[in-house]
Amino acid sequence: MASSIKHQISTIETIMRKHIYLILTKEENDLLDDIVRSAGFSTRTEYIAAAVKTTLYGLNTGEWIEKIRKLATDKNRAETVFFALLTELAFPAIAMKGSKIALEALIEELKSEMYNRTGIVPETSELELLAGEYETLYRPELLAYRTETRTRTYLEENP
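Note that residues are indexed from 1 along each chain, following the sequence as it is written. Local features in this predicted model are restricted to residues of pLDDT 70 or higher, and side-chain atom pairs are both shown and tallied only at a pLDDT of 80 or more, whereas totals for entire chains, interfaces and linings draw on every residue. Excluded from the side-chain calculations are hydrogens and water; all other atoms, namely the structure's heavy atoms, are used.

J.: Help me understand helix α6 (residues 124-137), please; the structure alone is not making it clear to me.
T.: Since there are 3.6 residues in each turn of an α-helix, residues three or four apart along the chain are aligned in direction. In this text, helices come from DSSP runs of H or I with a minimum length of four residues, and strands from runs of E with a minimum of two, each type numbered from the N-terminal end. To estimate how far a helix should extend, the number of its residues minus one is multiplied by 1.5 Å. Between its first and last C-alpha atoms α6 spans 20 Å; for 14 residues at 1.5 Å apiece the expected length is 20 Å, and the two agree. Only protein chains enter the accessibility calculation, which uses a 1.4 Å probe; a residue whose area is less than 20% of its type maximum is buried, one above 50% is exposed, and one in between is partly exposed. Considered for burial, the residues of α6 that qualify are L127, L130, A131, Y134 and E135. Projected down its long axis, α6 carries its buried residues within an arc of 145°, all on one side. Across α6 from its buried face, at more than 90 degrees, point the exposed residues L129, T136 and L137. Along its buried surface, α6 packs onto α4 (61-97), α5 (99-118) and α7 (139-157). Relevant arc is that of directions from the helix axis to the C-beta atoms, nothing else. When checking whether two residues touch, look at their non-hydrogen atoms; a contact exists if any pair is within 4.5 Å.

J.: How do you make sense of the packing of α4 against α7 when you look at a structure like this?
T.: In helix packing, the relevant descriptors are the interaxial angle and the interaxial distance, both defined with respect to the helix axes. Axes here mean lines fitted to C-alpha atoms, for a helix over just the part in contact, with angles spanning 0 to 180 degrees between N-to-C directions. Between α4 and α7, whose axes approach to 8 Å, the crossing angle comes to 80°. In terms of orientation, α4 lies roughly perpendicular with respect to α7. Contact residues: α4 offers F91, P92, I94, A95 and M96, while α7 offers E141, L142, Y145, R146, T149 and R150. Looking at the contact of α4 with α7, its residues break down into 7 nonpolar, 1 polar and 3 charged. Here is the rule for angles: anything less than 35 degrees is roughly parallel, anything more than 145 is roughly antiparallel, 65 through 115 is roughly perpendicular, and the remaining ranges are oblique. Side-chain classes are defined by residue name, with Ala, Val, Leu, Ile, Met, Phe, Trp, Tyr, Cys and Pro counting as nonpolar, Asp, Glu, Lys and Arg as charged, and the others, Gly among them, as polar.

J.: What am I meant to see in the pattern of salt bridges here?
T.: Any two side chains of opposite charge can pair if their charged atoms end up close together. Basic side-chain nitrogens of Lys or Arg form a salt bridge, by our definition, when they fall within 4 Å of a carboxyl oxygen of Asp or Glu. Scanning the entire structure with this criterion turns up 9 salt bridges. One salt bridge in this structure joins E79 and R37, with 3.4 Å as the shortest N-O distance. Of this pair, E79 sits in helix α4 while R37 is found in helix α2 (residues 26-38), placing the two residues 42 residues apart along the sequence. Residue K67 pairs with E63 through a salt bridge whose shortest N-O separation is 3.8 Å. Residue K67 and its partner E63 are both found in helix α4; the two are separated by 4 residues, about one turn of the helix. On the basis of relative accessibility, which here comes to 45%, the residue E63 falls in the partly exposed class.

Right, here's the structure in full:
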């Protein structure tokens, strides 16, 4: 029994948390959050732990950070291109039917254009999340388009 308690205490000591405090401007903090998210880390803590471990285990930290920044840049570029594609190809469908239905109808065309413009094809689940974000960000414009279209249709049908 005493051996088991010693083992538990030893285990707790090995996973003890340490704190690191960073002094960043708001802009630096926001940029770090963007890079961390775009590079696929779920939290800043996860990213900083990976950076520290990269340093501790003798990997080329500068090269690792460059890879992270490239991932973040590529992801941001892909998101920007996808939003532009939604505006060009899917805006009316999103306005009238919602992003989920519009994406289902246009997914292959959107993937093809993503590949043509960026050289990558994001996963469908990622595109679904981005389409939902687009619908949220452009809600005023989408609602205005929907209202205008429905009004015009009503007036054409009821002169």
